[in-house]
Amino acid sequence: MSMILPTIQDRSQTTSDLLHLVAYLAPDGMPKMLFRNLLNEKKIFDNKILEQKLRATKVRKHLSIACMLVGGVVSCMISATSRQRISICAVMTAATASSIYFFNQGPNSGYQQANTTPRRNMSISAFEYEESDNAWDVLKSFSLLSVKEGKGSMHRLLQQAMRIQPREESLYYITICVRSMLSCWKFHAENTETWRSSLLLLEHVKSVVGHANEYDFHPDQTLEIARLSREAGILSSMVSFFVCLCSSWGYRVCLFSLVVLIYHLCRH
């Protein structure tokens, strides 16, 4: 493993990043679609981090200018008369207010945190398709990913090994996984059309939520993670209840019981 990972990183940084990301998913049943979504969320998240850094640079620049102006004002006020001091203070107040106003009108004024809730139904570009397909093939070629019926599987020990890294890096990767689950998960107990796609992601959502509980997130995203956990729990209960009934009763009775269960879950 110590020889394979540097080789993969030299061959494709995207593949190396995806290998770290899928370490937080369930070991089995990884569709290629999930690879594409993870890569798309990584690109969006990286862009937000870059915006945050640019905004921090602007803040430091404005603070430096403000410090210089304050120093100049202090030096002028020492030798100025009382009327001149009033004029200087008025000019400085107007300049400071104008600076703050124009700074807040900048393109990044609405940006608060890099890990805010992602938008749903985001389109995936051709770049993500190509890069995810390439990463899929590279992991297969190194026998790090086994594929059966179009779904990938990874050994649990490999995933555990990939999660052994500095906490800051782990938070970076788990944040992307959380954003990916939030953008993919569309489960509604009252809408049967969402059940099939949600079942495909259920184990991955449970895995990501389990790892996310070990970290501190932005309050808004903490609420979204809690919602994911709740909805995943509802779907798991539905599946377990249905399987249990099918083992002892007929199909029609099971279906009726499932409808009754959904009704009661939706009321709460």
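The written sequence of each chain sets the order in which its residues are numbered from 1. At least 70 in pLDDT is required for a residue's local features to be given in this predicted model, at least 80 for side-chain atom pairs to be given and counted, and no such filter applies to totals for whole chains, interfaces and linings, which use all residues. Note that the side-chain values use all heavy atoms of the structure and ignore hydrogens as well as water.

Colleague: Help me understand the overall build of the protein, please; the structure alone is not making it clear to me.
Modeller: On a plain count of helices and strands, the protein comes out with 10 helices and 3 strands. Each residue is assigned to one of three classes by its accessible area relative to the maximum for its type, calculated with a 1.4 Å probe on protein chains only: buried under 20%, partly exposed between the two thresholds, exposed over 50%. For the protein, the proportion of its 268 residues judged to be buried stands at 38%. The accessible surface values rely on the Shrake-Rupley method and a 1.4 Å probe; as for residues, cover is taken only from the protein chains in view. Summed over its atoms, the accessible surface of the protein is roughly 16,000 Å², and 59% of this surface lies on carbon and sulfur atoms. Only DSSP runs of H or I covering at least 4 residues are called helices, and only runs of E covering at least 2 are called strands; the numbering of each starts at the N terminus.

Colleague: Help me understand the sheet that holds strand β2 (residues 146-148) in this model?
Modeller: Backbone hydrogen bonds are what pair the strands of a sheet, in a parallel or an antiparallel way. Here, a strand pair is defined by DSSP locating no fewer than two bridges between the strands. Overall, antiparallel pairing links the 3 strands, which are arranged β1-β3-β2 in an open sheet. Strand pairing shows two members of the sheet lacking a second neighbour, β1 (30-31) and β2, which therefore form its edges. Relative to strand β3 (residues 151-153), β2 runs antiparallel, the two sharing 3 bridges. By the bridge assignment, S146 is partnered in β3 with S153.

Colleague: What is the right way to read the confidence of the model for the protein from this model?
Modeller: Low pLDDT marks stretches whose predicted atomic positions should not be read closely. Overall, the predicted model of the protein reaches an average pLDDT of 78, with 65% of residues at or above 70. The predictor attaches a confidence to each residue, called pLDDT, with possible values from 0 through 100. Contacts: residue pairs with any heavy atoms within 4.5 Å of one another. For the stretch residues 105-112, pLDDT sits under 50, and the model shows 12 contacts to residues farther than four places along the chain or on other chains.

Colleague: Explanation requested: the environment of V205 in the structure shown.
Modeller: As for its placement among the helices and strands, V205 is situated in helix α8 (residues 195-212). Among the residues examined, V205 registers a relative accessible area of 1% and is labelled buried. Residues V205 and S229 lie 24 residues apart in sequence; the distance between their C-alpha atoms is 7.8 Å. In this view, V205 contacts M181, W185, L228 and A232; residues no more than four positions away in its chain are not counted.

Colleague: When you look at the packing of aromatic side chains in this model, what are you seeing that I'm missing?
Modeller: Each aromatic ring pair is characterised by the separation of its centres together with the angle its planes make. Aromatic contacts are taken between Phe, Tyr and Trp rings whose centres are within 6.5 Å, Trp giving its six-membered ring; a plane angle under 30 degrees counts as stacked, one over 60 as edge-to-face, and the others as tilted. Under the definition given, this model contains 4 aromatic pairs. When the centroid spacing of 5.7 Å and the interplanar angle of 40 degrees are considered together, the rings of F45 and Y172 count as tilted. With F45 in helix α3 (residues 32-79) and Y172 in helix α7 (residues 167-184), the pair connects residues that are 127 residues apart, well separated along the chain. Aromatic pair W185 and F187: ring centres 5.8 Å apart, planes at 45 degrees, arrangement tilted. In terms of burial, W185 and F187 fall into one category: buried.

Colleague: Help me understand the packing of helix α2 (residues 13-21) against helix α5 (residues 126-141), please; the structure alone is not making it clear to me.
Modeller: Think of two packed helices as two axes; the pair is described by the angle between the axes and how far apart they sit. Axis angles are defined between N-to-C directions and span 0 to 180 degrees, where every axis is a line fitted to C-alpha atoms and, for a helix, only to the segment in contact. Close contact between α2 and α5 brings their axes to 9 Å; oriented N to C, the two are set at 75 degrees. Relative to α5, the element α2 lies roughly perpendicular. Touching T14, T15, L18 and L19 of α2 are E131, S132, N134, A135, V138 and L139, all from α5. Residues are sorted three ways: Asp, Glu, Lys and Arg are charged, Ala, Val, Leu, Ile, Met, Phe, Trp, Tyr, Cys and Pro are nonpolar, and all the rest, Gly among them, are polar. Its residues assigned to classes, the contact of α2 with α5 shows 5 nonpolar, 4 polar and 1 charged. Roughly parallel here means an angle under 35 degrees, roughly antiparallel means over 145, roughly perpendicular means 65 to 115, and every remaining angle is called oblique.

Colleague: I tried to follow unusual backbone geometry on my own but got confused; where do I start?
Modeller: Note: most peptide bonds trans; most residues except glycine with negative phi. The phi dihedral of S143 falls on the positive side, at around 60 degrees, and the residue is not glycine. On the secondary structure map, S143 appears in the loop between α5 and β2. The phi dihedral of E149 falls on the positive side, at around 55 degrees, and the residue is not glycine. Relative to the helices and strands, E149 is located in the loop between β2 and β3.

Colleague: How do you make sense of the pattern of salt bridges when you look at a structure like this?
Modeller: Should their charged atoms come close, side chains of opposite charge can pair. We define a salt bridge as a contact between a side-chain nitrogen of Lys or Arg and a carboxyl oxygen of Asp or Glu at a distance within 4 Å. Applying the stated criterion across every chain, the model contains 8 salt bridges. The shortest N-O distance in the salt bridge between D133 and K32 comes to 3.7 Å. Of the two residues, D133 sits in helix α5 while K32 sits in helix α3, which places them 101 residues apart along the sequence. The class of K32 is partly exposed, set by a relative accessible area of 25%. The residue E224 makes a salt bridge to R227 at a minimum N-O spacing of 2.9 Å. One end of the pair is E224 and the other is R227, both in helix α9 (residues 219-246) and 3 residues apart, which spans about a single turn.

Colleague: Looking at this model, I keep getting lost on α2. Mind explaining?
Modeller: Residues that lie three or four places apart on an α-helix share one face, since the helix turns once every 3.6 residues. With 8 of 9 residues buried, α2 lies mostly within the body of the structure. Taken together, the buried positions of α2 are occupied by T14, T15, S16, D17, L18, L19, H20 and L21.

Colleague: How should the nonpolar core be read in this particular structure?
Modeller: Across soluble globular proteins, nonpolar side chains show a tendency to be buried alongside one another. Remark: nonpolar core denotes a set of buried residues (Ala, Val, Leu, Ile, Met, Phe, Trp, Tyr, Cys) joined through side-chain atoms within 4.5 Å. Core analysis: the biggest nonpolar cluster contains 48 residues, and L25, F35, I174, V178, W185, F187 and V205 have the highest contact counts within it. Elements represented by at least two residues in this core include exactly α2, α3, α5, α6 (156-162), α7, α8 and α9. Aside from chain neighbours lying at most four places away, what touches L25 is M30, L34, L38, Q159, M181, H204, S207 and V208.

Colleague: Help me understand the packing of α7 against α8, please; the structure alone is not making it clear to me.
Modeller: Closest axis-to-axis distance for the α7/α8 pair is 10 Å, and the angle between their directions is 140 degrees. Between α7 and α8 the crossing geometry is left-handed. Packed against α7, whose contacting residues are I174, C177, V178, M181 and C184, the element α8 presents L201, H204, V205, V208, H211 and A212 at the interface. Of the residues belonging to the contact of α7 with α8, the class tally is 9 nonpolar, 2 polar and no charged. By definition, any crossing whose near helix is turned counterclockwise from its far helix by less than a right angle is left-handed, and any crossing with a clockwise turn is right-handed.

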